[in-house]
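# Notes for the structure review
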Amino acid sequence: MFKKMPGLALLSAVSFSLAAHNTPHATSSSTLTQQHATQSAYQLVFFSDSQKAEYLANYHNAILEVTHNHVVLSLSKAESEALRADGALIIARPDMNRRTQPQRKTSKTMTKPAGGAVTPSQTSGIPAFACYPTLAETQQLAETLAQTYPDFVELKHIGPSWEKSQGLGGHDLTVLVLKNKKKNNWRKRPALYIQGAIHAREYTPGAMTIKFAQYLLEHRDTNADVNWILNEREIHILLIANPDARVLAEQDEMWRKNTNTAYCALDESKRGVDLNRNFDFAWASPVGGSTDDQCAETYHGPSAASEPETQAIQAYLRTVFKDRRGNLPSDPAPSWTQGVFLDLHSYGRYVMWPWSSELTPNPNATELAMLGHRLAAYNDYLAFETKERVQYGGTATNYAYGQYGVAAYTLELGTWFFESCANFEGEIWPNNLNALIYAAKVAKRPYKLPDGPQIIDLRLQGAERTAVPAGTPVNIIAQIADDHFGPALSGQMPRSQAIKKVLLTIRKEGHHRARRVLLSAEDGAFDSAREAINYSLDTRRWRNGRYILTLRAQDESGQWGTRYAKFLTIDNAAPENNRAPVADFSSDCRYAICGFDGTTSQDDQDGLSYRWVFEGARFYRVFHGQQVEIEFGRAGDYQLTLQVEDRHGLRDTKSVSLTLDGVRPPVAQLSYQCNGLSCEFDSSASYDPNGEIVSRYWQFGGDDPAYIPGEAKMTHTFPSPGEYTIILVVVDNEYQSGVISQTIKVSEDE
C-alpha cells in the first residue's frame, strides 16, 4: 500500500495567484467550455526573483511570454481581477489576445542557422528543432544503444500508454538501465532514476534523457568519472514519460496532459490528465494545487494513479528503490538512504525538492536543501523547496520522496518549452550534464555526501585528454570548495566549513595496489571553505599504461565529499612538444542577440574546448561550444570571456567589454511635496530612451496593496501620520516597464 498524507488538516490555503487559477469547482461542461473560451492576455510585472518564481510556478500552464521583468499570461477576467486586488501589477495586453493559448516561439528558432534549426534538408528531429529527436527516433536510438552496448544496457518496457492500453495504437513507456552488467550481474547498486517529458510540450527534458544515456556509454572508456559511475551505480532513465501526447507536441501542439478521451468530452483539444498531479501521494491536495475541472491543464484525474502511465511508473519505482521512510509526514528518511530521483521539466531555471503538497516541515529539509544547492551550482539555477512558491499534490517528486524517502528533485530546464537548439546545445545540455553526473555520484549517500566538499574545475595540466611520455610535467589543478552552491531563492545558503584535507589516490589500471598522497593547499594552509591546489606529479619512473587519479576532500567536521577522477595515460611513444592555445573570437551582434565564433582561436592540435561566460545587466550565462548564440534581451554593458583549453589541459582566455543594443525600458523618476497628510507626487521627469511612456501605475502604501492607474502628477491624502512606501511603475509603448520605490514620512503638521 502507498503512504497517504493524513489529509487536509495538514494543509492550508495556497497563495492568492495559485488559488485564483486552479481552484477546483463543480460546474457544468457547457459552462466550463465557455470559461475556457474567454481568456485574455495580461502582463504581470515582477520585482524580484522570488516573485518571478511564484508567477512561473503558479501559472506555468498559462504563460505566453517571459521577459526580464514580466510574464504575459492567458487569464480569465475573474483571475486578473483577483490578482489585481491582491496587489499584483497586471496590465491588459490586447496586442497578444490572438495568442490566448500558449504557443511556441518561432521568431528565432525557425530562421537562425545555429543549433540545428529548420532547413529544407532537415531529415531528422522535431520540425524546426533538429536537435530534439522525435519519439520514434528516441525509441530507435534506445534500441540501437542496447544492441551496440549489450554489456552496459538493458532496455525495458515498463507499461503501456493510455492509447496502447485501449488498443488504439499508442506506445510503451521505455526505460534504459545503464550499468556494468558483467561486474554487477547479481549485485544491486545505488540508483539514479531520471524521467523526462511527463508534460509532452516540454522538448528539452526528452532530449536530455536520451542524450545523457548516449554520453555515458560513449565516454565510459575516456572519462574516469563515467567509467566509475557505470561500475558502481545503476542509472534508470525513463526516456519519455508521456509518449502519446509527445507525438501531438511534435506536431506543434501545446500539449501537457496525456490523451485520455474519457475527460473533457466537449473539447477534444483539452482532454487528458496532468500526469504530474496524478501520483498516489497527497493526491488532489492542497486545495488549489490541482483541479477536478476535466478541461483544465492541471486536471488530476478521477482518482489517484488512475492513468496507466502513472501506474507503470509507480510499479517500476518499487523495483528501483527500497522504502526507507515512515508513514507520517514527520518521519525522516535515515541518513544512509540510497537513491536519487530526478524529474526533468521545462522551464524556469529552477532546482526544487519536496514538499510541494503540504505545510508541515520536511523532516529531511536540511539534507535535501544541501544536495539541491549543490546541483544548482552546476547549472546556476535558483534552488528552493517547492512549497516556498507553489503547492500541489500528486507529483512525481513528492511520491518518490514521500513513498520511499529517496532524495527527489524537479529540474526546470531553460527558459522556454520549445528551447532553441542553440540554447539547448550550448547551455542547457553541458551545464545540466554536470549536475546529472554529480547526482549519480552521490546516489549512494545523497543525505551525507553532499555535505562534504566539492572539487571544481579539476584538470591535469600537461596531459588531461592525451597520452604523454614518462617525465612530462603534469600538474593537478583544482578548486576545493565546501561553499559551492547555486543561488538560493530565499537568499540563505546551506552551511559550509573550512577544508581539512584533500586525498589523492593513484592506481594503475588493472592493479590493486594504490598510492595515497595528502595534498597541500596552494597558499600553504587549509583554513577556509574554498582552497586551491596545484600539485606537481613526478612521472619520471611511471611505466606505460593508464592510471586512475582520484581525489576526495574532507571538511573540518570530518565529512568527506564524493570522488572526482581523471585518467592519465603514460606512453613513451607519445610526442613531447605541445604549444599553449591562443583564445580569439569574432562576434556578430544585433538587437538583443549575439553570435560568437571561436574558430579563430589557435592551437597546434585538434580538440580545443570552448567555454564562454557572458554577464551584465542582471544577466549571467555560461555557454559551451566553438560557436554560440546568446540572446541577452536588454541593452547595456556586458563582459564576455572566452576560455579555450587544449588536449593537454593548457588554457588561454580572452575578455572584451561590449555595449550592446536591445530592450531599453523606461526610467521612472519621482518627486513629491507634502502639506500635512496630503502629498503631491510628480513623475514628469520619467522618460523612455527609445519610445514614449503611455501609462503609469501608483501604489501609495497603507492597507490597500492595489496599483492605481494614474497620471504624471497625482495627489494623495494619507489616512494617518507615518511612513509609507510609494511605488511608481511607468510603462512604455512596447509594454516595457520601469519602477521606482521611495519611502516617505508624513505628519499632520503643515
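Only a predicted model underlies this, so the values are computations on that prediction, with no experimental measurement involved.

### Some points on the overall build of the chain
Each helix and strand counted, the chain has 13 helices and 33 strands in total. Over its C-alpha trace the chain gives a radius of gyration of 27 Å, about what one expects of a compact globule, namely 27 Å for 750 residues. Principal-axis analysis of the C-alpha atoms gives the chain an extent of 85 × 60 × 60 Å. Out of the 750 residues in the chain, the part that is buried amounts to 57%. Here the contacts in the chain between residues at least 6 apart in sequence split such that 72% fall between residues at least 24 apart. Roughly 30,200 Å² of accessible area belongs to the chain as shown, and the carbon and sulfur atoms make up 46% of that amount. Between the averaged position of the 74 positive side-chain charges in the chain and that of its 86 negative side-chain charges there is a distance of 10 Å.

### Structural notes on the environment of glutamate 748
Residue placement: glutamate 748 occurs in the segment after β33 (737–746). A C-alpha to C-alpha distance of 70 Å links glutamate 748 and isoleucine 235, two positions 513 residues apart in sequence. Not counting the four nearest positions on each side in its chain, glutamate 748 is found in contact with Gly676, Leu677 and Pro721.

### Observations concerning the pairing of strand β16 (residues 515–519)
With five bridges joining them, strand β15 (residues 499–508) and β16 adopt antiparallel strand pairing. Each residue of the ladder has a partner; that of valine 502, found in β16, is leucine 519. Hairpin remark: β15 followed by β16, antiparallel, with six residues in the connecting loop; positive phi at glycine 510, about 90°.

### Quick notes on the sheet that holds strand β30 (residues 708–710)
Read across the open sheet, the four strands follow the order β30-β29-β32-β33; overall the sheet is antiparallel. Only two strands of the sheet have a single neighbouring strand rather than two, namely β30 and β33. Neighbour-to-neighbour, the strand axes of the sheet open up by a mean angle of 25°, direction not taken into account. One ladder, built from six bridges, connects strand β29 (residues 693–699) with strand β32 (residues 722–732); its direction is antiparallel.

### What about the state of the cysteines?
One pass over the full model with this rule turns up four disulfides. Between the sulfur atoms of cysteine 131 and its disulfide partner cysteine 421 the distance amounts to 2.2 Å. The chirality of the disulfide connecting cysteine 131 with cysteine 421 is left-handed, given an S-S dihedral of about -90°. Here cysteine 131 is found in the loop between β4 (89–92) and α5 (135–148), whereas its partner cysteine 421 is found in helix α13 (residues 421–441), with 290 residues between them in sequence. Overall, the relative accessible area of 4% leaves cysteine 421 in the buried class. Disulfide pairing is shown between cysteine 674 and cysteine 679; the S-S distance is 1.9 Å. Taking the sign of the torsion about the S-S bond as the criterion, the disulfide between cysteine 674 and cysteine 679, at about 105°, is right-handed.

### A word on the sheet that holds strand β17 (residues 530–537)
Strand order in this open sheet of three strands is β13-β14-β17, and the pairing throughout is antiparallel. Across the chains shown, the open sheet's two edge strands, defined by having one partner strand only, are β13 (454–461) and β17. Taken pair by pair, the neighbouring strands of this sheet meet at an average axis angle of 15°, ignoring direction. By the bridge criterion, eight bridges tie strand β14 (residues 474–481) to β17 in an arrangement that is antiparallel. Looking across to β17, one finds that isoleucine 476 is bridged to tyrosine 535.

### Here's the deal with the side chain of histidine 199
Within the fold, histidine 199 resides in the loop between β7 (191–196) and α7 (203–218). Judged by relative accessible area, histidine 199 falls into the buried class, the value being 3%. Apart from residues lying up to four places away in sequence, histidine 199 is in contact with Trp255, Arg256, Asp274, Asn276 and His345.

### Observations concerning the nonpolar core
The tendency in soluble globular proteins is for nonpolar side chains to be buried side by side. Residues Leu178, Phe212, Leu342 and Tyr409 are the most contacted members of the largest nonpolar core, which totals 152 residues. In terms of residue count, the dominant contributor to this core is α13 (eleven residues). Setting aside anything within four residues of it in sequence, one finds phenylalanine 212 in contact with Leu192, Ile194, Ile235, Ile237, Trp429, Leu433, Leu436 and Ile437. Ala583, Tyr610, Phe623 and Val644 belong to the second-largest nonpolar core, a separate cluster that totals 19 residues.

### Notes on the packing of helix α11 (residues 365–379) against α13
Packing of α11 against α13 leaves a shortest axis separation of 7 Å and a crossing angle of 150°. Between α11 and α13, the crossing angle belongs to the class labelled roughly antiparallel. In terms of crossing hand, the pair formed by α11 and α13 is right-handed. Counted together, Leu371, Arg374, Leu375, Tyr378 and Asn379 of α11 and Asn431, Asn432, Asn434, Ala435, Tyr438 and Ala439 of α13 form the full contact between these two elements. Taken together, the residues of the contact of α11 with α13 sort by class into six nonpolar, four polar and one charged.

### A look at the packing of aromatic side chains
All chains considered together, the criterion is met by 36 aromatic pairs. Pairing tyrosine 347 with tryptophan 416 gives two aromatic rings, centres 5.6 Å apart and planes at 40°, and the pair type is tilted. Here tyrosine 347, found in the loop between β9 (340–345) and β10 (350–353), pairs with tryptophan 416, found in the loop between β12 (407–412) and α13; they are 69 residues apart in sequence, far enough to count as distant. Considered together, tyrosine 347 and tryptophan 416 belong to a single accessibility category, that of buried residues. Cluster of aromatic residues (ring-pair linked, three or more members): Phe585, Phe596, Trp612, Phe614, Phe619, Phe632 and Tyr638. For arginine 93, the ring lying beneath its charged end belongs to tyrosine 735, and the centroid distance is 3.9 Å.

### Comments concerning helix α3 (residues 49–58)
In terms of residue burial, α3 counts as a mostly covered element, since seven of its ten residues are buried. Inspection of α3 places Ser50, Ala53, Glu54, Tyr55, Leu56, Ala57 and Asn58 among the buried residues, and these make up the whole buried set.

### So, the packing of α7 against α13
Packing of α7 against α13 leaves a shortest axis separation of 11 Å and a crossing angle of 60°. Compared by their axis directions, α7 and α13 come out oblique. Note that α7 runs across α13; the crossing there is right-handed. Here α7 contributes Thr204, Ala207, Met208, Lys211, Phe212, Tyr215 and Leu216 to the contact with α13, which in turn contributes Phe424, Ile428, Trp429, Asn432, Leu433, Leu436 and Ile437. Among the residues making up the contact of α7 with α13, the classes are represented as eleven nonpolar, two polar and one charged.

Reading the values: rules and limits
- What you see as residue numbers is a count from 1 along each chain, following the sequence as written.
- Under the rules for a predicted model, residues below a pLDDT of 70 receive no local features and side-chain atom pairs below 80 are neither given nor counted, while totals for whole chains, interfaces and linings still include all residues.
- Based on all heavy atoms of the structure, the side-chain values leave hydrogens and waters out of the count.
- Put simply, DSSP H or I for four residues or longer makes a helix, DSSP E for two residues or longer makes a strand, and each gets a number counted from the N terminus.
- The atom set for the radius of gyration is the C-alpha atoms, and the globule formula is 2.2 Å times the number of residues raised to the power 0.38.
- Here the term buried applies to any residue with accessible area under 20% of the maximum for its type, exposed to any over 50%, and partly exposed to those in between, with areas from a 1.4 Å probe on protein chains only.
- Contacts are assigned to residue pairs with any non-hydrogen atoms lying within 4.5 Å of each other.
- Note that accessible areas follow from Shrake-Rupley with a 1.4 Å probe, and for residues the cover is restricted to the protein chains shown.
- Asp and Glu are treated as the negative residues and Lys and Arg as the positive ones, with His and the ends of the chain left uncounted.
- In this description, the location of a charge corresponds to atom NZ of lysine, CZ of arginine, CG of aspartate or CD of glutamate.
- At least two DSSP bridges between two strands are needed for those strands to be called paired.
- Angles shown run from 0 to 180 degrees and are taken between the N-to-C directions of axes, each axis being a line fitted to C-alpha atoms and, for helices, limited to the stretch in contact.
- Throughout, disulfides are identified as pairs of cysteine sulfur atoms within 2.5 Å of each other.
- In these notes, a set of buried Ala, Val, Leu, Ile, Met, Phe, Trp, Tyr and Cys residues joined through side-chain atoms within 4.5 Å is what counts as a nonpolar core.
- When an angle is under 35 degrees it counts as roughly parallel; over 145 it counts as roughly antiparallel; between 65 and 115 it counts as roughly perpendicular; any other value is oblique.
- Here is the rule for handedness: rotate from the far helix to the near one, and if that takes an anticlockwise turn smaller than a right angle the crossing is left-handed, while a clockwise turn gives right-handed.
- Gly falls in the polar group here, along with every residue not listed as nonpolar (Ala, Val, Leu, Ile, Met, Phe, Trp, Tyr, Cys, Pro) or charged (Asp, Glu, Lys, Arg).
- Note on aromatic contacts: the rings of Phe and Tyr and the six-membered ring of Trp form a pair at centre separations within 6.5 Å, being stacked when their planes are under 30 degrees apart, edge-to-face when over 60 apart, and tilted otherwise.
- Our definition puts a charge over a ring when NZ of Lys or CZ of Arg is within 6 Å of the ring centre and also within 35 degrees of the ring normal.

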